[in-house]
Amino acid sequence: MPASTYHSTLLHLSAELGSVLRDRSWTVATAESCTGGGVAAAITEVAGSSAWFGTGIVSYANSAKVELLGVSPELLETAGAVSCEVVEQMALGALRVSGAEIAVAVSGIAGPDGGSKDKPVGTVWLAWAGPNNTLLSECYVYEGDRTQVREQACVTALRGLLAIIR
């Protein structure tokens, strides 16, 4: 996706998310690793987003996942940072520390290095936590370079938030 199309898509999704959240008087939080705050940056591109977004945590290091989001160190050791279990704990941690009604978490291998046979470059886990104990997670294996993997993950994160809210 060309950079201008990507930016336009993110802005559109973020504005739509803000509209839905404002209507419900909800807030959203993010917990990001491989996207490095890209989801939070997209959200804050929208004027007035402070009314529905207050917390974005970039937990790139495993120690940050543990200290800021309450991810189990043992789980990081056994499942790895790029796993369903860890990304779910990240999403739940974001809810807990922010007080938001809904959260998204992202952890993956954007590349160009770091992949393995089981978790190739482009592997990204996302989790969404929300009302009524909603907790959903999905794994994607995106194609492209580091920037493209991160961009696709940001778009998926926002689309997932919208899907859960609706």
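The preceding data block contains the structure.
Quick caveat: nothing in here was measured; it's all calculated off a predicted structure.

Trainee: I would appreciate a short explanation of the nonpolar core in the present structure.
Mentor: The tendency in soluble globular proteins is for nonpolar side chains to be buried as a group. One finds Leu17 and Leu158 to be the most contacted residues of the largest nonpolar core, which totals 33 residues. Mapped onto this core, the elements with two or more residues apiece are helix 1 (3–24), helix 2 (38–44), strand 3 (102–108), strand 4 (123–130) and helix 6 (146–165). It is helix 6 that contributes the most residues to this core, nine residues altogether. Setting aside its immediate chain neighbours within four residues, Leu158 contacts Leu10, Leu13, Ser14, Leu17, Val39, Ala42 and Ile43. In terms of nonpolar packing, the next biggest core, distinct from the first, is built from 22 residues, Leu76, Ala91, Trp125 and Ala127 among them.

Trainee: Hey, could you run me through helix 5 (residues 84–98) in this one?
Mentor: Each α-helix turn comprises 3.6 residues. Residues three or four places apart therefore point the same way. For helix 5, with 15 residues, the first-to-last C-alpha span of 21 Å sits near the 21 Å given by 1.5 Å per residue. Taken residue by residue, helix 5 has Val86, Val87, Glu88, Met90, Ala91, Gly93, Ala94 and Leu95 as its buried positions. Check the buried side of helix 5 and you find it contacts strand 1 (28–32), helix 3 (62–69), helix 4 (73–79), strand 3, strand 4 and strand 5 (134–141). Where helix 5 ends, the next residue or the one after it, Gly99, has phi of about 75 degrees, a positive value.

Trainee: Teacher, can you tell me more about the layout of surface pockets here?
Mentor: It is a probe the size of a water molecule, rolled over the atoms, that shows where empty space is left. A volume near 160 Å³ is recorded for the largest pocket. Around the largest pocket sit 15 residues that line it, and Cys34, Tyr60, Gly108, Ile109 and Ala110 are the ones nearest its centre. Going through the elements one at a time, helix 3 and strand 3 are the ones with two or more residues in the lining of the largest pocket. Its residues assigned to classes, the lining of the largest pocket shows six nonpolar, six polar and three charged.

Trainee: Would you mind going over the packing of helix 3 against helix 5 with me for this structure?
Mentor: Two quantities define a packed helix pair, namely the angle between the axes and the distance from one axis to the other. Two elements in contact, helix 3 and helix 5, have axes whose closest approach is 9 Å; the angle formed by their N-to-C orientations is 40 degrees. With respect to each other, helix 3 and helix 5 are oriented oblique. By crossing handedness, the relation of helix 3 to helix 5 is classed as left-handed. Two secondary-structure elements touch here, helix 3 through Lys65, Leu68 and Leu69 and helix 5 through Val86, Gln89, Met90, Gly93, Ala94, Arg96 and Val97.

Trainee: Is there a simple way to explain the pairing of strand 4 in this structure?
Mentor: Two faces make up the sheet, and in a regular strand the side chains alternate between them. Counted residue by residue, strand 4 has eight buried out of eight residues, so it is predominantly covered. The side-chain alternation of strand 4 yields two buried faces, one formed by Thr123, Trp125, Ala127 and Ala129 and the other by Val124, Leu126, Trp128 and Gly130. Where strand 3 meets strand 4, six bridges bridge the pair, whose relative direction is antiparallel. Residue pairing in the sheet places Val104 in a bridge with Trp128 of strand 4. Pairing between strand 4 and strand 5: eight bridges, direction antiparallel.

Thresholds, definitions, all that
Residues numbered from 1 in each chain as written. Predicted model: local features only at pLDDT ≥ 70, side-chain atom pairs only at ≥ 80, totals over all residues. Heavy atoms only, no water. Core = buried A, V, L, I, M, F, W, Y, C linked by side-chain atoms within 4.5 Å. Buried < 20%, exposed > 50% of the residue type's maximum accessible area, 1.4 Å probe, protein only. Helix = DSSP H or I, 4+ residues; strand = E, 2+ residues; numbered from the N terminus. Contact = heavy atoms within 4.5 Å. Expected span 1.5 Å × (residues − 1). 1 Å grid on protein atoms, 1.4 Å probe; cavity = no way out; pocket = protein on both sides within 12 Å on 5 of 7 lines; lining within 4 Å. Points joined across faces, edges and corners; volume = space filled by probe spheres on them. Nonpolar A, V, L, I, M, F, W, Y, C, P; charged D, E, K, R; others polar. Axes fitted to C-alpha atoms, helices over the stretch in contact; angles between N-to-C directions. Parallel < 35°, antiparallel > 145°, perpendicular 65-115°, else oblique. Left-handed = near helix turned anticlockwise from the far one by under 90°. Pairing = 2+ DSSP bridges.

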